[in-house]
Amino acid sequence: MSITTEAELIGMKKASEAVAFALKEMRNYAKPGMSTKEIDNYGAQILNDLGAKSAPYVTYGFPGYTCISVNNEFCHGIPSEKRILNEGDLINIDVSAELDGFWSDNGASFVIGEDINQHQKLIEASKEILHKAIYNIKGGVRISDIGFLMETEAKKRGYKVIKNLTGHGVGRSLHEEPHEIANYRDRFNLARFKKNSVVAIETFIATTSTYAETLQDGWTMVGNKGGFMAQHEHTIVVTEGKPIILTEMNGIWN
């Protein structure tokens, strides 16, 4: 969507604060020994208390309120009572929701308990790349140039990017134009970021894979060459200068 009125900006801020708060609280809540369903239920309750509805549940009939992916799962992991978290697991939580007709999206990868499996370096790379990408976005910038920046920064750190997962426009629905905000230079994508548009910018930084493949459950995605992936995501408003980070409250850069 494009922000044209103060009311729209306020609406987007409220929806974004709901998903950001839910994500932050779920990260703080998650501990070894918990099931991913327990964490999902906790997040669902927070969204419900704020009057927000789970976007994947409403839009796609996703079998959960948030996406929770663990270790070799890259994204769209289904919360399960059988999936118990262990010390040192790499976990990704993606929270998107609708509130009063506005939709917002954010996500974060983090380690459960102590980083005994050395995932933190990958996580920090993902966070830093997201920060650099977002602060290079303004009206008129080519989407493919931001993709090039993300891939270049990943390579510098010894990582790869997932080429078939992308950021996207958001606002009046979960996925809007522009649909393909890739983590690499897509030379066929000539689109530019538009001032006042709302976009969800996501990193997909991986150790060994370059494509994500869907498992038999129809949702969970894993790497074509295995390994691990870190994802961080903010919903922003594009301006002529510094973007407005609508989901800043999630604290993923803190």
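J.: Sorry, what's going on with the packing of helix α4 (residues 120-134) against helix α5 (residues 143-156) here?
T.: Axis angle and axis distance: for two packed helices, these are the angle between their axes and the distance between the axes, and together they describe the pair. Closest axis-to-axis distance for the α4/α5 pair is 10 Å, and the angle between their directions is 150°. In this view, α4 runs roughly antiparallel relative to α5, as classed from their interaxial angle. As α4 packs across α5, the resulting crossing turns out to be right-handed. Two secondary-structure elements touch here, α4 through Ile129, Lys132 and Ala133 and α5 through Ile146, Leu149, Met150, Glu153, Ala154 and Lys156.

J.: Explanation requested: the packing of aromatic side chains in the structure shown.
T.: Each aromatic ring pair is summarised here by two numbers: the centre-to-centre distance and the angle between the ring planes. Under the definition given, this model contains four aromatic pairs. Relative to Tyr42, the ring of Tyr29 lies with its centre 3.8 Å away and its plane at 10°, an arrangement referred to as stacked. With a gap of 13 residues between them, Tyr29 in helix α1 (residues 6-29) and Tyr42 in helix α2 (residues 36-49) connect regions that are remote in the sequence. Taken together, a centroid distance of 5.1 Å and an interplanar angle of 90° make the contact between Phe62 and Trp219 edge-to-face. You can see Phe62 sitting in the loop between α3 (55-60) and β2 (67-70) and its partner Trp219 sitting in the loop between β11 (212-214) and β12 (221-223), a full 157 residues away along the chain. Taking relative accessible area as the criterion, Trp219 reaches 27% and is therefore assigned partly exposed. One cation-aromatic arrangement involves Arg27 over Phe110; the distance from NZ or CZ to the ring centre is 5.9 Å.

J.: Sorry, what's going on with unusual backbone geometry here?
T.: Peptide bonds are trans in most cases, and residues, glycine excluded, mostly fall at negative phi. With an omega of -10°, the peptide bond running from Glu177 to Pro178 counts as cis. Summarising the element assignment, Pro178 is placed in strand β8 (residues 176-181). In this structure, Asn71 is a non-glycine residue whose phi angle is positive, near 55°. Inspection of the secondary structure puts Asn71 in the loop between β2 and β3 (73-75).

What counts and how
- Residues numbered from 1 in each chain as written.
- Predicted model: local features only at pLDDT ≥ 70, side-chain atom pairs only at ≥ 80, totals over all residues.
- Heavy atoms only, no water.
- Axes fitted to C-alpha atoms, helices over the stretch in contact; angles between N-to-C directions.
- Helix = DSSP H or I, 4+ residues; strand = E, 2+ residues; numbered from the N terminus.
- Parallel < 35°, antiparallel > 145°, perpendicular 65-115°, else oblique.
- Left-handed = near helix turned anticlockwise from the far one by under 90°.
- Contact = heavy atoms within 4.5 Å.
- Phe/Tyr/Trp six-rings, centres within 6.5 Å; stacked < 30°, edge-to-face > 60°.
- Buried < 20%, exposed > 50% of the residue type's maximum accessible area, 1.4 Å probe, protein only.
- Lys NZ or Arg CZ within 6 Å of the ring centre and 35° of its normal.

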